[in-house]
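Structural description and commentary
Residues per chain are reported as follows:
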Amino acid sequence: MKKTISTDLLDSFKRKHDYLRLSITDSCNFRCLYCMPDEPFKSTPSIELMSSEEIVGISKIFVDRFNINKIRITGGEPLVRRDFADIIQQLSTLGANIGITTNGVLLHQYFDLFQKYGIKDLNISIDSLDAEKFKYITKRDLFQTVWDNIKESIKRGFNVKLNVVVMRAFNEDEIAEFIALSYHYPIEVRFIEFMPFTGNIWEREKVIPVREMLSIVSQHFEYGKVQDGKHDTSSKYKIKGDSKGVFAFISTMSNAFCMGCNRIRVTSDGKMKNCLFGAEEFDLLKLYRNGEDIEKLIQDGILKKHKEKGGQFSELETTDNTQIINRSMIKIGG
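For clarity, every value in this text was computed on a predicted model and none was experimentally measured.

Glancing now at the overall build of the protein. When its secondary structure is counted, the protein shows 10 helices and 14 strands. The buried share of the protein, taken over its 334 residues, is 54%. Counting only carbon and sulfur atoms, one obtains 49% of the accessible surface of the protein, whose full area is about 15100 Å².

Here is the structure:
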């Protein structure tokens with residue numbers, strides 16, 4: 001048998017890509033206003049989505065051929081797929097670290113599965129600790145279910161990160177309350193600047209830059225900087241004292257971290273995106289279904305990666321959501 005020769009996946013800026021963000025569905029049981037278009041939404045027909053076998057086969061090429069060592073499963077809401085357990089079982093055989101990004105509402109059904117296959121990393125989205133505001137942004141009255149699953153995740157020893165999209169006049173008054181969670185629990189609370197995508201209600205004025213969020217934090221806590229990793233998208237801090245966890249900021253809009261980017265994205269319909277904000281897409285699934293080699297397309301796609309933000313915008317002050325060519329967030333994958 002011919003041995004596969006692996007190689008690092010480098011773009012024209014010599015950034016090494018070893019992290020695959022893999023969307024397995026664009027269906028979701030929430031209707032968050034910053035993620036989904038503010039219009040009637042139809043999920044992709046199942047025939048156009050990657051099957052479980054195609055998900056695993058394409059992922060295996062990334063792992064074996066291009067030294068991908070981390071795969072994060074996203075959606076939509078990945079846990080709504082009926083074959084989710086089968087996908088997890090098969091992906092766990094590839095040798096890459098597997099993480100899950102979820103809205104948390106179905107987690108109680110899969111804790112045992114995750115522990116069986118060694119999955120430790122859970123990123124859980126929660127944008128308000130107030131049940132009514134949670135219902136407003138998700139269009140679902142399920143705060144308590146999500147909160148109970150977060151607490152159970154912590155109790156079971158998962159590596160928990162809470163993702164909080166911060167929007168002016170909505171939840172900036174909860175920043176201190178969220179940060180207090182990082183003092184009491186061994187978690188990372190991550191505040192994400194509101195980002196523009198096709199069809200969402202993004203407005204420049206709703207973005208709260210990290211410097212402003214830190215100013216809010218300083219009114220409530222003494223804190224110190226924590227060392228960040230080379231490829232971290234978040235800038236981490238810790239409340240002084242006996243804090244069990246950390247809090248962090250993802251400053252996509254006000255202070256981009258693009259030069260340390262090591263991420264590749266594959267959408268649920270099998271298109272590779274070399275950047276979250278990139279207009280270009282590379283149809284891996286079409287070639288894969290035709291029995292053709294997808295390795296060259298992957299390499300060519302990475303070489304077309306822009307220096308930052310998909311080449312579509314740079315400064316927050318000049319960003320125009322109406323001019324960005326992209327999908328909605330739910331169609332890309334979280």
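Continuing now.
The next point concerns unusual backbone geometry. Glycine 75 connects to glycine 76 through a cis peptide bond whose omega is 20°. Note on placement: glycine 76 falls in the loop between strand 4 (70-74) and helix 2 (84-91). Of note, asparagine 67 is a non-glycine position whose phi angle comes to about 60°, a positive value. Summarising the element assignment, asparagine 67 is placed in the loop between helix 1 (52-66) and strand 4.

This paragraph deals with helix 7 (residues 210-218). Those residues of helix 7 lying buried are Val210, Met213, Leu214, Ile216 and Val217. Seen along its axis, helix 7 keeps its buried residues to an arc of 155°; they face one direction. Taken together, the buried residues of helix 7 touch strand 7 (159-166), helix 6 (175-184), strand 8 (188-193), strand 9 (223-225), strand 10 (235-239) and strand 11 (246-250).

Moving on: the environment of lysine 273. Along the chain, the position of lysine 273 falls in strand 13 (residues 271-273). In this structure lysine 273 comes out as buried when scored by relative accessible area, which is 0%. Along the sequence, lysine 273 and isoleucine 302 sit 29 residues apart, while their C-alpha atoms lie 8.6 Å from each other.

Here we take up a negative patch on the surface. Side chains of Asp130, Glu132, Asp141 and Glu177 sit close together on the surface and give a patch of like negative charge. Turning to its location among the elements, glutamate 177 is positioned in helix 6. For glutamate 177, a relative accessible area of 44% puts it in the partly exposed group.

Right, let's get into the packing of aromatic side chains. Counted according to the given criterion, the structure contains 15 aromatic pairs. Ring plane angle 85° and centroid distance 6.1 Å describe the contact between phenylalanine 84 and phenylalanine 114, whose orientation is recorded as edge-to-face. On the criterion of sequence distance, the pair formed by phenylalanine 84 in helix 2 and phenylalanine 114 in helix 3 (residues 111-116) is long-range, its members being 30 residues apart. One exposure class covers both phenylalanine 84 and phenylalanine 114, and it is buried. Between tyrosine 237 and phenylalanine 249, the aromatic rings sit 5.8 Å apart at their centres with planes inclined by 70°, giving edge-to-face as the arrangement. Linking tyrosine 237 in strand 10 with phenylalanine 249 in strand 11, this pair joins segments that are 12 residues apart in sequence.

In this section: the environment of aspartate 141. Along the chain, aspartate 141 turns up in the loop between helix 4 (131-138) and helix 5 (143-155). We classify aspartate 141 as exposed; its relative accessible area is 56%. Between the C-alpha atoms of aspartate 141 and alanine 131, which are 10 residues apart in sequence, the distance is 7.4 Å.

A separate point is helix 4. One full turn of an α-helix is made of 3.6 residues, so residues set three or four places apart face in the same direction. Of all the residues in helix 4, the buried ones are Lys133, Phe134, Ile137 and Thr138. Projected onto a plane normal to the axis of helix 4, the buried residues spread over an arc of 120° and lie on a single side. What points out from helix 4, more than 90 degrees from its buried face, is the exposed set Glu132 and Tyr136. Looking at the packing, one finds that the buried side of helix 4 touches helix 5. Capping of helix 4 at its N-terminal end is provided by aspartate 130; its side-chain oxygen lies 3.0 Å from the backbone amide nitrogen of glutamate 132. Positive backbone phi, approximately 65°, marks lysine 139, located one or two places after helix 4.

Conventions used here
- Residues numbered from 1 in each chain as written.
- Predicted model: local features only at pLDDT ≥ 70, side-chain atom pairs only at ≥ 80, totals over all residues.
- Heavy atoms only, no water.
- Helix = DSSP H or I, 4+ residues; strand = E, 2+ residues; numbered from the N terminus.
- Buried < 20%, exposed > 50% of the residue type's maximum accessible area, 1.4 Å probe, protein only.
- Areas by Shrake-Rupley, 256 points an atom, 1.4 Å probe, with all protein chains shown as cover.
- Arc of directions from axis to C-beta.
- Contact = heavy atoms within 4.5 Å.
- Patch = residues over 30% accessible without salt bridge, like charges linked within 9 Å, V, L, I, M, F, W, Y side chains within 5 Å.
- Salt bridge = Lys/Arg side-chain N within 4 Å of Asp/Glu carboxyl O.
- Lys, Arg positive; Asp, Glu negative; His and termini not counted.
- Charge placed at Lys NZ, Arg CZ, Asp CG, Glu CD.
- Phe/Tyr/Trp six-rings, centres within 6.5 Å; stacked < 30°, edge-to-face > 60°.
- Polar contact = N/O pair within 3.5 Å; in protein donor to acceptor, adjacent residues only side chain to side chain.

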